[in-house]
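The primary structure of each chain is shown beneath.
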Amino acid sequence: MSWYHKHKKMIAAAMSVCVAAGSIVGFTGCGKAAVSSSKSDEGEKKGTEEKAMGRYLEEDLTVPEGCSQIIAMELLENETLRLVYFAADGVQVSDSKDKGKTWERPQSIRELAKVDDSLEFGSSAAIAKDGGIFTTFLEMQDEENYILHYFYISPSGEVKELDLNEAVGGYVFRCVFSEKGNLLLSSSNGVQEINPKDGSIVHSYDEGSSITIFDTVGTRLISIVDTEIHYYDMETGKPLEEEEILTKEIASNPDNMQMTGMGINNLLFLEGDEKDSLFYVSHDGIYRYAFGGSLVEQVADGKLNSLNSPDIAFTDMARDKEGSFYLAVSDMSQGDPVGRICKYVYSKDTPAVPDTELAVYSLTDDDFLRQAAAAFQKKYPDIYLNLETGMTGEDAVTETDALKALNTEIMAGKGPDILLMDGIAADTYIEKGMLEDLNGILKDADILENIIEPYKDGEGKIYQMPVKFGIPYIQGKKEYVDAISDLTSMADTIESHKEEYTKDTLPFSSSYSPYMLLKSLAAVNMSAWVNEDGTLNQEAVQEFLEQANRIYQSGKAPAEEQLAVFGVTAEEMEEANEVRNLYSEFGAVFAQFGVGGLNLISGSNVMGTGGIYSPSDLRSIYSVEQQGGGIFGKLWNGQTKDTFIPQKLVGISAKSSEKEAAEKFVSYLFSDEGQRVSTASGLPVRKSVYEDVSYWMGNAKEGDVTSVSGSYNNQTGESIELNIVQPGEAVIREIQELGKTLTTPVKENRMILSAVLEAGESYLKGEISVEEAVEKAASQVNLYLSE
């Protein structure tokens, strides 16, 4: 196994995005408030104000052949674009004389540094304006310990190894060259400014602090220490006064201050277009600031391009003589880091604000929606997607509050154009005629037949459709899994083995918490709890609670013993993992967690329930079954059988004022391109994409180790290593066929789910009888329906 795979957490997956920012004239056409007006005001403004023109448009450039992830990028003094990047045959260096259109024959950085195969690449690289390159290599002493070697390759090709271990004080987090050609390295001992010709220390900054985010801007250095921004004069090495306006603007988004990975961040700085000015990029956009000024000006709005995507992080930034910006990012939208180069070109003939605005609603902030919006707006720059959320998490608004407000807005004709229906009971919207028929949009979408058919009504109309879906999956000891065919047989199996459970081996990872156990079992059972008229099926709920109680009681004593050893309560564990938040990572009902993980291999749990939502999930599940020794998995059936888990259900409001644009966005979501957005958000429903083996393989080949996880055996204390391996076509085809057999969508009603979980928890704790629990849940549901 390569050092890269063993130490993947230390290696930043970097890549390039190029950004073109035109002349200073263009800056006034893209101010920060440009898209802040509401839809209700838009019509009036169009009629009374002259349309502002000028905006940056995004386009993709090529990357060198074989490039997987970009490590470093610079625009040299002669305007050659140089990249250092990962490729199958090692780290390469390549130049483009035409700024990203074509690339010259690459050179191995190992050969340039004159390093033999005994050293492993150390993940760090920086490129100077004159073409000089700094890089690091590791001399592995054993599996855990290494010695760092630092190399400077001059523009003429001369190599000098720098003795920096004592000065740098550890692993290099980030490295850049200053305008004078000095090298700056950050580590756990601050930032060191070094003369690369002789390795001497010029200045030291923020000594004793771990610095992952810093940049040079002319003669200034800007660094982030925890939540503070520090400014230094590199001529003297002394601190400068704080730039309060700039600091306040950057700190207004806490994500700007967070490290994303080794060498990649959410914030980068660059020397400005005039003396004592700078540009910086964040997910909010590209900004300009004059030192000592009173204004931070937005040059390009991140909401109108892919900068706003949660799947990208930044590595390097450059600007050419024409004012174009080049920005290096790491793009995780396809699951694995992928090298891209994008360019943002200023177009004076494009409206500063798109002519059409679409309001897209989701109950909570949704990463997939943001990724899809960024990709769509790149393709359709004349349409602006205004993403609205019902619950921000920053106030006391509840789900019920949010849905009431949404309904009021829709009935008043001021609601969103498009709704992400996840967590929203669609039946009421359909009955009241609040959703458009999607048949016309979906007729050529090539959707899997088993996915689309359940969403057709008696007249063949479709009012909502999942953009993605998941396959319920159960995994564990083969003798357990073989015996399980539904919820009752699961309870029978868990109960029959209760003598095997100890504080080190529990039935499920959720066995410590009645609430969490109920929620983890809900995914393939909750559809049975709802009658056709929307009322509670009390008989099905009682069966669910009785069987869940058998499962809980089987592992209760050893789970309580485990909590006592850890010195925590079930409530503290729940709070730490946010399990009562249906929208959190561990609190979500539909999750991959429980299968494909180390808990089964380490012996911590004998069973796991979850789902396959992505190629990454399949890799994990496959790897556990290959390396776990007797671990087996199959489709998970409960009170309902052959179910699939709909993800990202979308509908168009019947009262939308921009139906043509809304249809265009929904069509995009089901297009080949749209279905490939965010492989982590669910499996594609478009047949051609779902059946595409390359979609499931990504950048990997069969047998490739894509990552490594570690834990220990609870019984023996021995360390355990799980290699996440890419399965081949045969395994992929098997899962594809399984997904095509699923004919019943899970119907998620958050109100009914919450009522059953709350009442069920009291029952499992022995506070009330099962009959009382069912009655309690029914009362809550009836009260909700009456409102």
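Look up a bit, the structure's there.
The structure displayed is predicted, hence computed values, not measured ones. (Residues numbered from 1 in each chain as written. Predicted model: local features only at pLDDT ≥ 70, side-chain atom pairs only at ≥ 80, totals over all residues. Heavy atoms only, no water.)

The next thing to look at is the pattern of salt bridges. Applying the stated criterion across every chain, the model contains 37 salt bridges. Here arginine 340 ties to glutamate 58 by a salt bridge, and the two come within 3.9 Å at their closest N and O atoms. Of this pair, arginine 340 sits in the loop between strand E26 (324–331) and strand E27 (341–351) while glutamate 58 sits in strand E2 (residues 53–61), and the two are 282 residues apart along the sequence. No difference in accessibility class separates arginine 340 from glutamate 58, as the two residues are buried. For arginine 288, the salt bridge identified is with aspartate 273, shortest N-O distance 2.7 Å. Here arginine 288 is found in strand E23 (residues 285–290), whereas its partner aspartate 273 is found in the loop between strand E21 (268–271) and strand E22 (277–282), with 15 residues between them in sequence. Beyond isolated ion pairs, a larger network of salt bridges with shared partners links Glu58, Asp60, Asp331, Arg340 and Lys378. (Salt bridge = Lys/Arg side-chain N within 4 Å of Asp/Glu carboxyl O. Helix = DSSP H or I, 4+ residues; strand = E, 2+ residues; numbered from the N terminus. Buried < 20%, exposed > 50% of the residue type's maximum accessible area, 1.4 Å probe, protein only.)

Overall, antiparallel pairing links the four strands, which are arranged E21-E22-E23-E24 in an open sheet. What marks the edges here is a single partner per strand, and that holds for E21 and strand E24 (296–301). Taken pair by pair, the neighbouring strands of this sheet meet at an average axis angle of 25 degrees, ignoring direction. Bridge count between E22 and E23: six bridges; the pairing is antiparallel. Directly across from valine 281, in E23, lies its bridge partner isoleucine 286. Relative to E22, helix H5 (residues 244–251) is tilted by about 10 degrees, and along the sheet it contacts E21, E22, E23 and E24. (Pairing = 2+ DSSP bridges. Axes fitted to C-alpha atoms, helices over the stretch in contact; angles between N-to-C directions. Contact = heavy atoms within 4.5 Å.)

Turning our attention to the environment of glutamine 553. With respect to the secondary-structure elements, glutamine 553 resides in helix H14 (residues 538–566). Judged by relative accessible area, which is 38%, glutamine 553 ranks as partly exposed. Note: C-alpha distance between glutamine 553 and glutamate 495 (58 residues apart in sequence) is 8.4 Å.

Evaluation of the coordinates by the stated rule reveals 20 aromatic pairs. Ring geometry for tyrosine 289 and phenylalanine 291: centres 5.9 Å apart, planes at 75 degrees, overall edge-to-face. Residues tyrosine 289 and phenylalanine 291 agree in their burial class; the two are buried. Each ring, one from phenylalanine 376 and one from tyrosine 380, has its centre 4.8 Å from the other, and the planes form 40 degrees; the classification is tilted. Lying over the aromatic face of phenylalanine 291, arginine 220 brings its terminal NZ or CZ to 3.8 Å of the ring centre. (Phe/Tyr/Trp six-rings, centres within 6.5 Å; stacked < 30°, edge-to-face > 60°. Lys NZ or Arg CZ within 6 Å of the ring centre and 35° of its normal.)

Moving on, we get to the packing of H14 against helix H23 (residues 750–764). Across the interface, H14 lies against H23 with an axial gap of 10 Å and an inter-helix angle of 45 degrees. As summarised for this structure, H14 and H23 are arranged oblique, according to the angle between their axes. Relative to H23, H14 is oriented so that their crossing is right-handed. Where H14 approaches H23, its residues Val541, Phe544, Leu545, Glu546, Ala548, Asn549, Tyr552 and Gln553 are matched on the opposing element by Val756, Gly760, Tyr763 and Leu764. Of the residues belonging to the contact of H14 with H23, the class tally is eight nonpolar, three polar and one charged. (Parallel < 35°, antiparallel > 145°, perpendicular 65-115°, else oblique. Left-handed = near helix turned anticlockwise from the far one by under 90°. Nonpolar A, V, L, I, M, F, W, Y, C, P; charged D, E, K, R; others polar.)

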